[in-house]
Amino acid sequence: AGNVVINATGGSTPYTYSLDGINYTTNSLFPNLNAGAYTVTVKDVSGCTATQSWTINAPAGLVLGVPAVTNASCTSLGSVALSANGGSLPYTFALGSGSYSSTPVFSSLAAGNYTLHVKDANGCSRDTVITLTTVPVPHFDSLIQSNPTCSFPVAGTITVGASGGSGILTYSINASSFNSQTFFSGLSSGYYTIVVTDANSCTASTTTLLTSSNTLSFTTFSHTNVGCQGSPLGTISAQLSTGNPPY
């Protein structure tokens, strides 16, 4: 609300004052006035009067802008930045039950709900509630492996699938450089650690063991015994269809 204070000179004191030209008071202060046009009349002890018109303007209503929210990630806490317009400068800002200050940015915020306030020079205030979430981190959905063999010792493969996180996911196996490849081949037996990372450098890892098995086996095996008195000699015939020839 606005106020009008009247200062009069001349005439014969004491003065009386009126906002409607009818009801007079010795108080030269008219408080708690709404925005609008007013005509003030001053009357001295002799009944002489003077008038003056004023307009009390109201500032535009205080408006709290849309908060700029940065959600927490695996590497950093979240933050929120406030803005306002209208009302009367300067603005002050507060988070929850905290004290007001001129700083519109609140940082180091964990995931959760927060009540934010803005107040102008006239004490008008606006509030809003925001929710900070945690940016999802990547995770592995699948891992398919094919073990090497005795005959093919570097024929092992690993295929992984991952999702979540932010942006493009890239992969590394046993501390190799990251790329978008999800299929790893030419692997010998041993432990392998695959790491996935996203655009925020959030990571997940998984470890698997490739083992080497002996795949050499006979497909046919036959023999003939030694004849009477050692003639004819015996024979053994074997045939393989696995492994890596020549045998």
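Because the structure is predicted, anything quoted here is derived from the model rather than measured. (Residues numbered from 1 in each chain as written. Predicted model: local features only at pLDDT ≥ 70, side-chain atom pairs only at ≥ 80, totals over all residues. Heavy atoms only, no water.)

(A) Spotlight on the overall build of the chain. Within the chain one finds 0 helices and 21 strands. Against the 2.2 N^0.38 benchmark of 18 Å for 247 residues, the chain shows a C-alpha radius of gyration of 44 Å, more extended than a compact globule. Along the three orthogonal principal directions, the C-alpha set of the chain runs to about 165 × 25 × 25 Å. A buried classification covers 28% of the 247 residues belonging to the chain. Pairs at least 24 apart in sequence give 48% of the contacts found in the chain among residues at least 6 apart. For the chain, the exposed surface amounts to about 14800 Å²; the carbon and sulfur share of it is 54%. (Helix = DSSP H or I, 4+ residues; strand = E, 2+ residues; numbered from the N terminus. Rg over C-alpha atoms; globule rule 2.2 N^0.38 Å. Buried < 20%, exposed > 50% of the residue type's maximum accessible area, 1.4 Å probe, protein only. Contact = heavy atoms within 4.5 Å. Areas by Shrake-Rupley, 256 points an atom, 1.4 Å probe, with all protein chains shown as cover.)

(B) Representation of the environment of Ser217 within the structure. Here Ser217 lies in the loop between strand 19 (203-210) and strand 20 (218-224). C-alpha separation for the pair Ser217 and Leu240, spaced 23 residues apart in sequence, amounts to 6.2 Å.

(C) Local environment of the sheet that holds strand 15 (residues 156-164). Spatially, 14-15-17 is the arrangement adopted by the 3 strands of the open sheet, whose pairing is antiparallel. Edge positions in the sheet fall to strand 14 (138-146) and strand 17 (183-187), since each of these pairs with one other strand and no more. Taken over all neighbouring pairs, the strand axes of this sheet differ in orientation by 20° on average, direction set aside. Sheet topology note: the strand 15/strand 17 ladder contains 3 bridges and is antiparallel. In the strand pairing of strand 17, Ile158 is matched with Phe184. (Pairing = 2+ DSSP bridges. Axes fitted to C-alpha atoms, helices over the stretch in contact; angles between N-to-C directions.)

(D) Representation of the state of the cysteines. Tallied over the full model, the rule gives 1 disulfide. At a sulfur-sulfur separation of 1.9 Å, the disulfide partner of Cys74 is Cys202. The S-S bond linking Cys74 to Cys202 shows a torsion near -105°; that makes this disulfide left-handed. With a gap of 128 residues between them, Cys74 in the loop between strand 7 (68-70) and strand 8 (78-81) and Cys202 in the loop between strand 18 (190-197) and strand 19 connect regions that are remote in the sequence. According to the relative accessible area criterion, Cys202 is buried, its value standing at 0%. (Disulfide = S-S within 2.5 Å.)

(E) Molecular detail of the packing of aromatic side chains. This model, assessed by the stated rule, comprises 0 aromatic pairs. Stacked on the ring of Tyr24, the Lys or Arg Lys43 has its end atom at 4.2 Å from the ring centre. The ring of Tyr100 has Lys119 lying over it, and the distance from NZ or CZ to the ring centre is 4.2 Å. (Phe/Tyr/Trp six-rings, centres within 6.5 Å; stacked < 30°, edge-to-face > 60°. Lys NZ or Arg CZ within 6 Å of the ring centre and 35° of its normal.)

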